[in-house]
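Listed here are the chains, written in short residue letters.
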Amino acid sequence: MGCNSCSSSIDGLPLGCKNNGACASGSCDKMNVFDWLSNMSLPNGQKPFDIVEVRFKNGRKGYYRNSKELQICIGEVIAVETSPGHDIGVVSLSGELVKVQMRKKRISENNENIKQIYRKATQKDIEIWTTARNKEKEVQRKSRLIISRLGLKMKLSDVEYQGDGNKATFYYTADDRVDFRQLIRELAGTFSLRVEMKQVGLRQEAARLGGIGSCGRELCCSTWLTDFRSVSTSAARYQQLSLNPQKLAGQCGKLKCCLNYELDSYMDALKTFPKPNTWLQTERGPAVFQKMDIFKGWIWYAYKENPISWHKLTVEQTNQIILLNKQNKKATSLEEYASELEFEKIETSNFTDVVGQDSLTRFDKPKFKKKRKRNKNNRHRNSKNNRKNLQKKNN
């Protein structure tokens, strides 16, 4: 997502609007909603929906009632009610789609706690808002020094100023309960403002700060993912992934949310597979499960006495051996089933010669043989000419 000022230059370098999520075009926002009803008019006699979605820093959104019936469009900067004072935000959505978003977040339309919109932001409001936003990095740096001096076991992740500059919200993460009464006194005295401490989880912190994942794309939690479902290590086990915490953990330190994306398809594919803890009883001895390829339908087993040599079987073959074992019968050997699989491969692999294109050694022929022959012929001719010239000189 990006606005026109975020496009690339002629040399291919990204320009960047440098608004840090406050782009007025409404295209650089996190979790932005496309208003596909903007070009459609309401039926006759129906009033437009009086609640507007407003976006603040780092994708934080709120819903405010337009009781004064102001003509508000998406991307406009407005002043909204807070306690105390007022806050400045950007309109991210209006109209009938706000009902859908409120229903998704389980907020009632008739809720009395929905605050009001004061006015469209004036130039003075925007100047106070921008100066307050510019203070946030320095306030965050000094606040971390105060936290380290007090010895509190907490991590300050972000600071968000209110639009009027009279209040700041400090977002932090902590493993245990923190007594920050002394911290609030020092922060309020140092920066001369009202302080609100808000604890967030590690996933919420990563969603607020954003970043690039190991896949090379922006984090799902900061772009489109709104609900954080629990991710367990069993999701990695079902997908036959190595339980390496450095690869399975995201930037939040928790297991990656994308482990749940393909879990359902893996669970459906594993319905026909036998359980890994089942042993295959053969005449050569019991065979133990080693690994599996779920979508190709292959399973590798090895004898308990010889775990080094693995034998590849299909799901059907393993189920046949399990049925024989349930009937108190033993299979002959794993090598027999593996040889059947190789024989089926040889029969099914029929190649057609398309002007020698299936030859794997067609590029191995040296291209400099002719040049060598020419060089030899030239050398032979030169030696003959040299001999003739010597004979002429002697005569």
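Described below are features of the structure shown in this document.

The rules we used
- Residues numbered from 1 in each chain as written.
- Predicted model: local features only at pLDDT ≥ 70, side-chain atom pairs only at ≥ 80, totals over all residues.
- Heavy atoms only, no water.
- Helix = DSSP H or I, 4+ residues; strand = E, 2+ residues; numbered from the N terminus.
- Expected span 1.5 Å × (residues − 1).
- Buried < 20%, exposed > 50% of the residue type's maximum accessible area, 1.4 Å probe, protein only.
- Arc of directions from axis to C-beta.
- Core = buried A, V, L, I, M, F, W, Y, C linked by side-chain atoms within 4.5 Å.
- Contact = heavy atoms within 4.5 Å.
- Salt bridge = Lys/Arg side-chain N within 4 Å of Asp/Glu carboxyl O.
- Patch = residues over 30% accessible without salt bridge, like charges linked within 9 Å, V, L, I, M, F, W, Y side chains within 5 Å.
- Areas by Shrake-Rupley, 256 points an atom, 1.4 Å probe, with all protein chains shown as cover.
- Pairing = 2+ DSSP bridges.
- Axes fitted to C-alpha atoms, helices over the stretch in contact; angles between N-to-C directions.
- Phe/Tyr/Trp six-rings, centres within 6.5 Å; stacked < 30°, edge-to-face > 60°.
- Polar contact = N/O pair within 3.5 Å; in protein donor to acceptor, adjacent residues only side chain to side chain.

1. Let's talk about helix α3 (residues 136-150)
Alright, step 1. Helix length check: α3 (15 residues) gives 21 Å between terminal C-alpha atoms against 21 Å at 1.5 Å per residue, within 8%.
Alright, step 2. Restricting attention to buried positions, one finds in α3 the residues E136, V139, Q140, S143, I146 and I147. Buried residues along α3 cover an arc of 125 degrees about the axis, so they all sit on one side. Exposed residues lying more than 90 degrees from the buried face of α3 are K137, L145, S148 and R149.

2. With respect to the nonpolar core
A general tendency of soluble globular proteins is for nonpolar side chains to be buried together.
Alright, step 1. Counting 20 residues, the largest nonpolar core has M154, F170, L183, L187 and M197 as its most contacted members.
Alright, step 2. For this core, the secondary-structure elements that each account for two or more residues are α3, β6 (155-161), β7 (167-173), α4 (181-191) and β8 (194-199).
Alright, step 3. Excluding residues that lie within four positions of it along the chain, L183 makes contacts with I146, I147, L150, L152, M154 and M197.
Alright, step 4. Formed by 19 residues, the second largest nonpolar core is a distinct cluster that contains L270, I294, L313 and L334.

3. Let's talk about the pattern of salt bridges
Alright, step 1. Summed over all chains, the structure comprises 19 salt bridges.
Alright, step 2. The salt bridge partner of K57 is D158, with a shortest N-O separation of 3.1 Å. Of this pair, K57 sits in the loop between β1 (51-55) and β2 (61-65) while D158 sits in strand β6, and the two are 101 residues apart along the sequence. The two residues K57 and D158 agree in class, both being buried.
Alright, step 3. Its salt-bridge partner being R284, residue E335 comes within 2.6 Å of it at the nearest N-O pair.

4. Observations regarding a nonpolar patch on the surface
Alright, step 1. Residues F34, W36 and M40 make up a contiguous nonpolar surface patch of roughly 440 Å² in combined accessible area.
Alright, step 2. Mapped onto the elements of the fold, W36 is located in the segment before β1.
Alright, step 3. Using a relative accessible area of 55% as the deciding quantity, one classes W36 as exposed.

5. Concerning the sheet that holds strand β3 (residues 77-81)
Alright, step 1. Sheet architecture is open: 5 strands sit in the order β2-β1-β4-β3-β5, paired in antiparallel fashion. Lying at the two open borders of the sheet, with one neighbouring strand each, are β2 and β5 (117-120). For this sheet, the mean inter-axis angle between neighbouring strands, taken without regard to orientation, is 45 degrees.
Alright, step 2. Pairing analysis gives 5 bridges linking β1 to β2, with the strands arranged antiparallel. Across the sheet, residue V54 finds its bridge partner in β2, namely G62.
Alright, step 3. Most of the contacts of helix α1 (residues 97-104) go to β1, to which it runs at about 70 degrees, and overall it touches β1, β2 and β4 (86-93).
Alright, step 4. In the packing of helix α2 (residues 123-134) onto the sheet, contacts are made with β3, β4 and β5, and the angle to β4 comes to roughly 100 degrees.

6. Here's the deal with α4
Alright, step 1. The set of residues buried in α4 consists of L183, E186, L187 and F191. Projected down its long axis, α4 carries its buried residues within an arc of 105 degrees, all on one side. With respect to the buried face of α4, the exposed residues turned more than 90 degrees away are R181, R185 and G189.
Alright, step 2. One or two steps after α4, the chain reaches S192, where phi turns positive at roughly 55 degrees.

7. So, the sheet that holds β8
Alright, step 1. With respect to topology, 3 strands assemble into an open sheet ordered β6-β7-β8, the strand pairing being mixed. Every other strand in the sheet has two partners, leaving β6 and β8 as the edge strands with one partner each. Mean inter-strand twist for the sheet, computed between neighbouring axes without regard to direction, equals 25 degrees.
Alright, step 2. Set on the sheet, α4 makes contact with β7 and β8; between it and β8 the angle comes to about 135 degrees.
Alright, step 3. Taken strand by strand, helix α5 (residues 202-209) contacts β6 and β7, and its axis lies near 50 degrees from that of β6.

8. So, the packing of aromatic side chains
Alright, step 1. Summed over the entire model, instances satisfying the criterion amount to 6 aromatic pairs.
Alright, step 2. Plain terms: the ring middles of F56 and Y64 are 6.2 Å apart, the flat faces sit at 75 degrees to each other, and that makes the pair edge-to-face.
Alright, step 3. With a centroid separation of 6.3 Å and an interplanar angle of 85 degrees, the aromatic rings of W298 and W300 are classed as edge-to-face.
Alright, step 4. Look at W300 and you get buried, because its relative accessible area is 15%.

9. Considerations on the environment of R177
Alright, step 1. Take R177: it is sitting in the loop between β7 and α4.
Alright, step 2. Remark: the alpha-carbon pair of R177 and M154, spanning 23 residues in sequence, is separated by 9.2 Å.

10. Here's the deal with the environment of N306
Alright, step 1. Tracing the backbone shows N306 in the loop between β11 (298-303) and β12 (311-314).
Alright, step 2. The class of N306 is partly exposed, set by a relative accessible area of 37%.
Alright, step 3. Remark: the alpha-carbon pair of N306 and G285, spanning 21 residues in sequence, is separated by 9.8 Å.
Alright, step 4. Within the structure, the side chain of N306 is placed 3.0 Å from the side chain of S309, a separation counted as a polar contact.

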